[in-house]
Amino acid sequence: MNVSDRLPFLGGDDADVDAFLDRAARWATDLEYREIPQPVRRAAKAQLASTVGAAVWTVTHPLGDPIAAATGSRFEGDGSTFLGGEDLSPEGAACGNAALSMALDFDDTVLGGHTGHSSVFVPLAYAEADGASGERALVAHVAANEVAARLASAAAIGPFRGQQTAYVHAVGAAVGRAVVEGDDADTLADALGMALLQPPWPLEPPFLGSDAKVWSASEPIRTGLGAVDSARAGLSGRSDLVEADAGFLAEFADRPVEEFLEGFGERWHTRAVTIKAVPGCAYVTAPVEAALEVRGRFDRGRTSIERVDVHGSLFATEVDDRASPYLEGPDSPVSALTFTVPFNVAAALIDGEHTPRQLGDRAKNDAIWELAERVTLQHDSDFTMAALRSEVPVGAMLRRVGLPVVGYAAKTVGVGATVRHLPTLLRFARKRPLPTDLSTAEKRMGARVEVTTTDGRTFESTVEHPSGFAGKPLAEIRAVARNKCRSGLQAAGVRESTARERVDDLLSIDEERTVSLAGLLAAADRV
């Protein structure tokens, strides 16, 4: 069946109804700052500070120098700030900064995925080169978020989730650049139609088993930027390719959730923002936060740990199972480390902190790996149900699927796991309405950590809803973003007072006549 036959808003043969990319392009190019609700603007600025903070932290990490060297060798020109080194062309700065923010999985999400690598850095780079205002950059940022996140939401019941939905960056880059530079709707629609000609299909072994993952956003960004150039030159794209027979949804979604292609100006995906307080996959966050809380309740100098039991959702057990084959102890690739629960819990318990340092030099520490051997991860259906009842990451999509969610689960986590947890899944199989107001959308990815010491005592902590996750107060989410960016600047050698000023500037970017990241690391004691 043609996907368009299932779309009520296309009306079958009704040629008067626009395809998604046409509507998206018209909405994005017409969007004005005043039309974006203030809470959405505040959420976007938190996402901006978080994404920049993730990139700055990577500058201090062992991956920072090779990313900078590779970026500098691939791009020439100047005009835009590359946080890893000298100014580059806008394309080079956007791609290099996206690689830095991608590297440690210390990023942020909206309902629809990890859009920030492109939706933040493309508008910043092109606004800086073009002399555009901070207000214009923020409009482009939100527009890129909303278009890319809708597409990813419609295809969420499919083979890719999280950072593997790399195609969002081709879309986000095309929208972000076109809005900053003032392209019309027809040009942007053509650009989007070309940007999705050959969407990336990431392979798991290099994604988890090497450093190749750092380019997951950068390469699609280049595709999206090039598509804008092509459209301006007069080449046409296929604006109905999302819904077309053998088009995007037909190939990238097991069960398309077409309703998510609607709602521009009504349902703001940016508002459902999640800012990670610690690096690593979002499903690792709650175990780490619980471990840090437990760590503060016993004397590590006098007490030894016998074992650690972590109870989490199917999301946590799934990503840990996927990462485990790529672990090689102290020689493990960072991409695998960010997905494994035992290592990150052990690092938090031993070090009493969890920052990118734990994914850098501390990953070589034998004591952490010895403790990781005594950490076991078990499924707890209560945490899974809480996650599925949440709108983010996929609850809002799954609740539109109904009973076929069982088949999707079998494909995603395996037939055995699906059969074992069938009662849990069946409780979730009833279709429910699509949310329109995402201001209260939640991302409850909880976990419980139980630490048993050699003297027989047990210390336990439960985190139901991690810090900075969607559904937390917006003030808390912004505070997490502020702290991430400030602490990253300090790790790079910026004085605390200066770091606070720089972050405040980012969080008020829409008040700036022009934008630039050049001053962020200018005061750092760089070696």
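Heads up: the structure comes first, above all this text.
First, a word on scope: everything that follows refers to the structure included in this document. Just so it is clear, the structure is predicted and the values come from calculations on it, not from any experiment.

### Concerning the packing of aromatic side chains
Part 1: Summed over the entire model, instances satisfying the criterion amount to twelve aromatic pairs.
Part 2: With a centroid separation of 6.3 Å and 50° between ring planes, the pair formed by Phe160 and Phe252 is classed as tilted. Of this pair, Phe160 sits in the loop between helix 7 (134-154) and helix 8 (167-181) while Phe252 sits in helix 12 (residues 248-252), placing them 92 residues apart in sequence.
Part 3: Given the relative accessible area of 8%, Phe160 is considered buried.
Part 4: Taken together, a centroid distance of 4.9 Å and an interplanar angle of 35° make the contact between Phe343 and Trp369 tilted. On the criterion of sequence distance, the pair formed by Phe343 in helix 16 (residues 341-351) and Trp369 in helix 17 (residues 366-372) is long-range, its members being 26 residues apart. Residues Phe343 and Trp369 agree in their burial class; the two are buried.
Part 5: What links up through ring pairs into an aromatic cluster is the set Phe160, Tyr167, Trp201, Phe248 and Phe252.

### Quick word on a negative patch on the surface
Part 1: Taken together, the side chains of Asp30, Glu32, Glu35 and Glu135 present a region of like negative charge at the surface.
Part 2: Tracing the backbone shows Glu135 in helix 7.

### Describing the sheet that holds strand 4 (residues 375-379)
Pairing between the strands of a sheet comes from backbone hydrogen bonds, and it takes one of two forms, parallel or antiparallel.
Part 1: Strand order across the open sheet formed by four strands is 4-3-5-6, with mixed pairing between neighbours. Among the strands making up the open sheet, the edge pair consists of strand 4 and strand 6 (458-463). Across this sheet, the average inter-strand angle for adjacent strands is 15°, counted without regard to direction.
Part 2: Examined bridge by bridge, strand 3 (residues 305-312) and strand 4 share five bridges and lie parallel to one another. Its bridge partner being in strand 4, His311 is matched across the sheet by Gln378.
Part 3: The sheet strands contacting helix 13 (residues 282-295) are strand 3, strand 5 (447-453) and strand 6, and the helix crosses strand 6 at an angle near 140°.

### Section: the nonpolar core
Part 1: With 180 residues, the main nonpolar core has Val52, Leu83, Val175 and Val308 as its most contacted residues.
Part 2: The element that contributes the greatest number of residues to this core is helix 7, accounting for 13 residues.

### Examining helix 9 (residues 185-195)
Part 1: The element helix 9 is extensively covered by neighbouring structure, given that eight of its eleven residues are classed as buried.
Part 2: Looking only at helix 9, the buried set comprises Thr187, Leu188, Ala189, Ala191, Leu192, Gly193, Met194 and Ala195.
Part 3: The inward-facing, buried residues of helix 9 contact helix 1 (20-30), helix 8 and helix 11 (218-232).
Part 4: Sitting at the amino-terminal end of helix 9 is Asp184, which places a side-chain oxygen 3.3 Å from the backbone nitrogen of Asp186.

Rules of the game
Residues numbered from 1 in each chain as written. Predicted model: local features only at pLDDT ≥ 70, side-chain atom pairs only at ≥ 80, totals over all residues. Heavy atoms only, no water. Phe/Tyr/Trp six-rings, centres within 6.5 Å; stacked < 30°, edge-to-face > 60°. Helix = DSSP H or I, 4+ residues; strand = E, 2+ residues; numbered from the N terminus. Buried < 20%, exposed > 50% of the residue type's maximum accessible area, 1.4 Å probe, protein only. Patch = residues over 30% accessible without salt bridge, like charges linked within 9 Å, V, L, I, M, F, W, Y side chains within 5 Å. Areas by Shrake-Rupley, 256 points an atom, 1.4 Å probe, with all protein chains shown as cover. Salt bridge = Lys/Arg side-chain N within 4 Å of Asp/Glu carboxyl O. Lys, Arg positive; Asp, Glu negative; His and termini not counted. Charge placed at Lys NZ, Arg CZ, Asp CG, Glu CD. Pairing = 2+ DSSP bridges. Axes fitted to C-alpha atoms, helices over the stretch in contact; angles between N-to-C directions. Contact = heavy atoms within 4.5 Å. Core = buried A, V, L, I, M, F, W, Y, C linked by side-chain atoms within 4.5 Å. Polar contact = N/O pair within 3.5 Å; in protein donor to acceptor, adjacent residues only side chain to side chain.

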